[in-house]
Amino acid sequence: RAKQLGRSRYSFFQQDMDAAAVQRMELERELKLALERDELLLHYQAVVDARTGAWSGLEALMRWQHPQRGLVMPGQFIELAEETGQILDLGWSTIEQACAQLARWKASGRHPGPISINLSALQFREPRLAERIAEAMRRHAVTPGELAIELTESSLLTDTDTVLQTLARLSELGLSLSVDDFGTGYSSLAYLKLLRPARLKIDRAFVRDLPSSADDRALVRAMMGMAEALGIDVVAEGVETEAQRDALLALGCWQQQGYFYCRPQPAAALAERLAVWPPQAGASRLARG
Ligand code: C2E
Ligand code: MG
Ligand code: MG
Ligand code: MG
């Protein structure tokens, strides 16, 4: 009897595993279709100068407009895409869409400032990454300084020689590098030394409990001091309240991003708030990050 019960439990467990595996395969198959059917699109979130409230650029964030599931967030498909290798095609789509959108905004008389795109470390194994970015930029007349990259550390960078060569090439093309989610995961001090980024983005884990957390104030202060000594800019992520904004400002961190200022949203919803392009005579020039 006990044996029987044991066996049926085991098979329940087995069924659960199978269900998870089936779901994963289903998602993988749907993601392949999504790439073919152009269901992946970008939303954009402002990067803000908290001293003035002026927008200084945008970050492009991918969403999946699924025919049945609705809007699917990156948390539900980026990791899978990295495991299956689909992140490469997904990444090309991000690059293409960001360049195309920038060109559309400029053609309509608006400019968002630099657009940051997120790249997976895995994309750096693609030897033609820099060339393909250069090609997309040429095709859409994107000029140096208009596009930037954020490296998301969901996987360790391997083959650092290739990575550094690619980054050097991207830098020649006028793309600066941000280390994303700084202070968490693999985004460690070693990355600052190795990659020499233009910018680090303080993960929202360090912003969430401001201003009350003395520990987080100390950590942000330390990150600011280190960045300043190394000549690296800092952006704080996940600013949701006025109190968080003020705490960060008091610590010298004035480049901020978060729901307090702007939620990620479709390009069309942002157009009105973007700077006029080309700049009108006498108008204040667009801040460049
Ligand atoms: P990330 O690059 O660190 O982006 C910041 C995430 O925080 C975004 O989540 C954004 O919507 C969210 N966020 C912004 N402000 C706030 C706030 O005030 N409060 C809170 N709670 N969250 C805020 P999202 O859009 O779900 O993206 C998650 C991650 O997926 C990104 O983290 C990035 O690592 C990755 N990702 C997004 N798009 C792409 C892409 O095109 N390619 C690659 N490789 N990764 C991407
Ligand atoms: Mg990012
Ligand atoms: Mg981040
Ligand atoms: Mg992240």
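Residues numbered from 1 in each chain as written. Chains lettered and ligands numbered in written order. Predicted model: local features only at pLDDT ≥ 70, side-chain atom pairs only at ≥ 80, totals over all residues. Heavy atoms only, no water.

Going by the annotation in an unreviewed UniProt entry, the name recorded for the protein is EAL domain-containing protein, with Roseateles chitinivorans given as the source organism.

**What to know about the coordination of the magnesium ion (ligand 3)**
The magnesium ion (ligand 3) binds to the protein through Asp180 (OD), Asp181 (OD), Glu237 (OE) and Glu237 (OE), with metal-donor distances spanning 1.9 to 2.3 Å. Coordination of the magnesium ion (ligand 3) draws on donor residues from a single chain, spaced D-D-x55-E in sequence. Between the magnesium ion (ligand 3) and the magnesium ion (ligand 2), both coordinated by aspartate 180, there is a metal-metal distance of 4.3 Å. Of this pair, aspartate 180 sits in strand E7 (residues 176-182) while glutamate 237 sits in the loop between strand E9 (233-236) and helix H8 (242-250); the two residues are 57 residues apart in sequence, bridging distant segments of the chain. You can call aspartate 180 buried: its relative accessible area is 3%. (Donors = N, O, S within 2.8 Å, 3.2 Å for Na, K, Ca; no water. Helix = DSSP H or I, 4+ residues; strand = E, 2+ residues; numbered from the N terminus. Buried < 20%, exposed > 50% of the residue type's maximum accessible area, 1.4 Å probe, protein only.)

**Quick look at the environment of valine 163**
Within the fold, valine 163 resides in helix H5 (residues 160-172). As a C-alpha pair, valine 163 and alanine 130 span 33 residues in sequence and 10 Å in three-dimensional space. In contact with valine 163, other than residues within four places in its own chain, are Phe124, Leu157, Thr158 and Leu195. (Contact = heavy atoms within 4.5 Å.)

**Section: the layout of surface pockets**
In this structure, the largest pocket occupies an estimated 1200 Å³ of space. For the lining of the largest pocket, the elements supplying multiple residues, two or more each, are strand E1 (40-49), strand E2 (54-66), helix H2 (78-84), helix H3 (87-107), strand E5 (115-120) and E7. Per-class residue counts for the lining of the largest pocket are 13 nonpolar, 16 polar and 12 charged. (1 Å grid on protein atoms, 1.4 Å probe; cavity = no way out; pocket = protein on both sides within 12 Å on 5 of 7 lines; lining within 4 Å. Points joined across faces, edges and corners; volume = space filled by probe spheres on them. Nonpolar A, V, L, I, M, F, W, Y, C, P; charged D, E, K, R; others polar.)

**Comments concerning the coordination of the magnesium ion (ligand 2)**
Surrounding the magnesium ion (ligand 2) are the protein donor atoms Glu59 (OE), Asn118 (OD1), Glu150 (OE) and Asp180 (OD), at 2.0 to 2.2 Å. In primary sequence terms, the donor set of the magnesium ion (ligand 2) follows E-x58-N-x31-E-x29-D. The class for glutamate 150 is buried, based on a relative accessible area of 2%.

**Concerning the site of ligand 1**
Not every one of the 25 residues close to ligand 1 is listed here, only the nearest: Arg63, Thr152, Asp180, Glu240 and Tyr259. Between ligand 1 and the protein, one listed contact pairs a nitrogen atom with a side-chain N or O atom of glutamine 45 at 3.0 Å. Surface burial for ligand 1 is 86%, taken as the share of its 800 Å² of free accessible area covered by protein chains. Going through the elements one at a time, E2, H3, E5, strand E6 (147-152) and E7 are the ones with two or more residues in the shell around ligand 1. (Near = heavy atom within 4 Å. Polar contact = N/O pair within 3.5 Å; in protein donor to acceptor, adjacent residues only side chain to side chain. Areas by Shrake-Rupley, 256 points an atom, 1.4 Å probe, with all protein chains shown as cover.)

**Things to note about the pairing of strand E8 (residues 199-202)**
Alternating residues of E8 divide into Arg199 and Lys201 and Leu200 and Ile202, and every residue in both groups is buried. Pairing of E8 with E9 involves 4 bridges; the strand directions are parallel. Bridge pairing in E9 links arginine 199 to aspartate 233. Once the chain exits E8 it traverses helix H7 (residues 214-230) before rejoining the sheet at E9, and the crossover so formed is right-handed. (Pairing = 2+ DSSP bridges. Right-handed = clockwise from strand over helix to strand, strands pointing away.)

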